[in-house]
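Reading the structure
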Amino acid sequence: MTMKVIKSSCHLFVEKPLVFKMQEAKKLLAEAKKRKLFFGINFNWRYSTPVRKAVQAINENKLGEINFITWRFGGSGGGGDPHGNLIETQCHGFDMLEYLNGPIKSVQSIMTDKTNNGFSTFVVSMKFKNKSVGSLVGSYDTSYAYPNTHYLEINGSKGRILIEDQVRKYSFNKKDNETAVSTQKREQREDSHASITGRPNIDEISKRNEEAERREKKSFYTVTGIIVLFIVVVVVLIYFFS
């Protein structure tokens, strides 16, 4: 169906997952590119208020260098493709991890089909291009009704961000500070995120932190040089006047 829409030269915005097989995805993308069409996928979790607040905090360098990021999301489902949870549901997790922390460089995973519902529960560990690490736990063997069925943590050199249940709660802790600045969803929605746009510029943040580190080293070497010069002058003076 998607290919028919593309071949009719219509721009399209599709629901996730795009497909269940990589070769099908490559064919769709190639056809859309050939026809110069807009072709988007609906990863709507990016636009929740907590995620927008996380983007703002990262762009303002409140987290510093991200060291690790973890995602956990569980509920019920399955009955179709044996890897349906990984592809159909946890695609939100992979999208969010890369959206907030940049490209994933490598992954490894352990999965189980213990409940005879495909590979319904699994854990994925990963390394990112920026040398940080991450984890993802996904399951169809739990319940969406449980509190904190979704959890996202971003831990950096200057603090930590927690997002709970996608839209319910956002909190930020400065490094070594047990008191969090948090916002929690109320029944009457507050439109407080309108000015928070864009995605985290991970490369720019890394460059900024590297530059700060270079300045610190330069200051250290300058102070050390002055101290050494002072010691040399004192030794020379003592030599001449003794």
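No experiment lies behind these values; they were computed from the predicted model shown.

Overview of the overall build of the chain
- Along its length, the chain carries six helices and ten strands.
- Expressed as a percentage of its 242 residues, the buried residues of the chain come to 34%.
- Of the contacts made within the chain by residues no fewer than 6 positions apart, 65% connect residues no fewer than 24 positions apart.
- On the chain, roughly 15600 Å² of surface is accessible, and the fraction owed to carbon and sulfur atoms is 56%.

Topic: the confidence of the model for the chain
- Averaged over all residues, the pLDDT of the chain equals 87, while 89% of them reach at least 70.
- Within the chain, the lowest mean pLDDT, 78, falls on helix 6 (residues 202-241), and the highest, 98, falls on strand 6 (residues 133-139).
- Low pLDDT (under 50) marks residues 187-197, which in the prediction has nine contacts with non-local residues, meaning those over four places away or in another chain.

Here we look at unusual backbone geometry
- In this model, Lys16 is joined to Pro17 through a cis peptide bond whose omega is -10 degrees.
- Relative to the elements of secondary structure, Pro17 occurs in the loop between strand 1 (12-14) and helix 2 (22-34).
- At Lys36, a position not held by glycine, the phi torsion is positive, near 55 degrees.
- Tracing the backbone through its elements, the reader meets Lys36 in the loop between helix 2 and strand 2 (39-41).
- A residue is classified by how much of its surface remains accessible, and Lys36, at 74% relative accessible area, is exposed.

Looking at the pattern of salt bridges
- Using the criterion set out here, one finds seven salt bridges in the structure.
- A salt bridge links Lys62 to Glu60, with the shortest nitrogen-to-oxygen separation between them at 3.4 Å.
- Connected through shared salt-bridge partners, Glu31, Lys34 and Arg35 make up one network.

Concerning the packing of helix 3 (residues 49-59) against helix 5 (residues 91-101)
- Contact pair helix 3 / helix 5: the axes reach a minimum separation of 10 Å and the direction vectors enclose 25 degrees. Between helix 3 and helix 5, the crossing angle belongs to the class labelled roughly parallel. Only Met96, Tyr99 and Leu100 of helix 5 make contact with helix 3, whose side of the interface consists of Val51, Ala54, Val55 and Ile58.
- In the contact of helix 3 with helix 5, the residues fall into seven nonpolar, no polar and no charged.

Topic: the side chain of His150
- One can find His150 in strand 7 (residues 150-156).
- With relative accessibility at 3%, the residue His150 sits in the buried group.
- With residues near it in sequence (within four places) discarded, His150 still touches Trp45, Trp71, Arg72, Phe73, Ile163, Glu164, Asp165 and Gln166.

Some details on helix 5
- Counting buried positions along helix 5 gives nine out of eleven residues, so the element sits mostly inside the fold.
- Within the span of helix 5, buried status applies to Cys91, His92, Gly93, Asp95, Met96, Leu97, Tyr99, Leu100 and Asn101.

Description of the layout of surface pockets
- Considered as a void within the structure, the largest pocket measures approximately 560 Å³ in volume.
- Around the largest pocket, the lining comprises 19 residues; the ones closest to its centre are Val19, Met22, Phe43, Ile87 and Cys91.
- For the lining of the largest pocket, the secondary structure elements donating two or more residues are helix 2, helix 4 (84-89) and helix 5.
- The dominant element in the lining of the largest pocket, judged by the number of residues it contributes, is helix 5, at five residues.
- Across the lining of the largest pocket, the residue classes break down as 14 nonpolar, no polar and five charged.

Focus on the sheet that holds strand 8 (residues 159-164)
- Pairing is mixed across the open sheet formed by eight strands, whose spatial order is 4-5-6-3-7-8-9-10. Sheet topology places strand 4 (104-112) and strand 10 (181-184) at the edges, where each strand pairs with a single neighbour. Put simply, the sheet's adjacent strands are angled 10 degrees from each other on average, direction ignored.
- As paired strands, strand 8 and strand 9 (residues 169-174) are joined by six bridges and run antiparallel to one another. Looking across to strand 9, one finds that Ile163 is bridged to Tyr170.
- Across the sheet, helix 5 touches strand 3 (66-74), strand 4, strand 5 (121-128), strand 6 and strand 7, and the angle it forms with strand 3 is around 160 degrees.

Reading guide: rules and limits
Residues numbered from 1 in each chain as written. Predicted model: local features only at pLDDT ≥ 70, side-chain atom pairs only at ≥ 80, totals over all residues. Heavy atoms only, no water. Helix = DSSP H or I, 4+ residues; strand = E, 2+ residues; numbered from the N terminus. Buried < 20%, exposed > 50% of the residue type's maximum accessible area, 1.4 Å probe, protein only. Contact = heavy atoms within 4.5 Å. Areas by Shrake-Rupley, 256 points an atom, 1.4 Å probe, with all protein chains shown as cover. pLDDT = per-residue confidence, 0-100. Salt bridge = Lys/Arg side-chain N within 4 Å of Asp/Glu carboxyl O. Axes fitted to C-alpha atoms, helices over the stretch in contact; angles between N-to-C directions. Parallel < 35°, antiparallel > 145°, perpendicular 65-115°, else oblique. Nonpolar A, V, L, I, M, F, W, Y, C, P; charged D, E, K, R; others polar. 1 Å grid on protein atoms, 1.4 Å probe; cavity = no way out; pocket = protein on both sides within 12 Å on 5 of 7 lines; lining within 4 Å. Points joined across faces, edges and corners; volume = space filled by probe spheres on them. Pairing = 2+ DSSP bridges.

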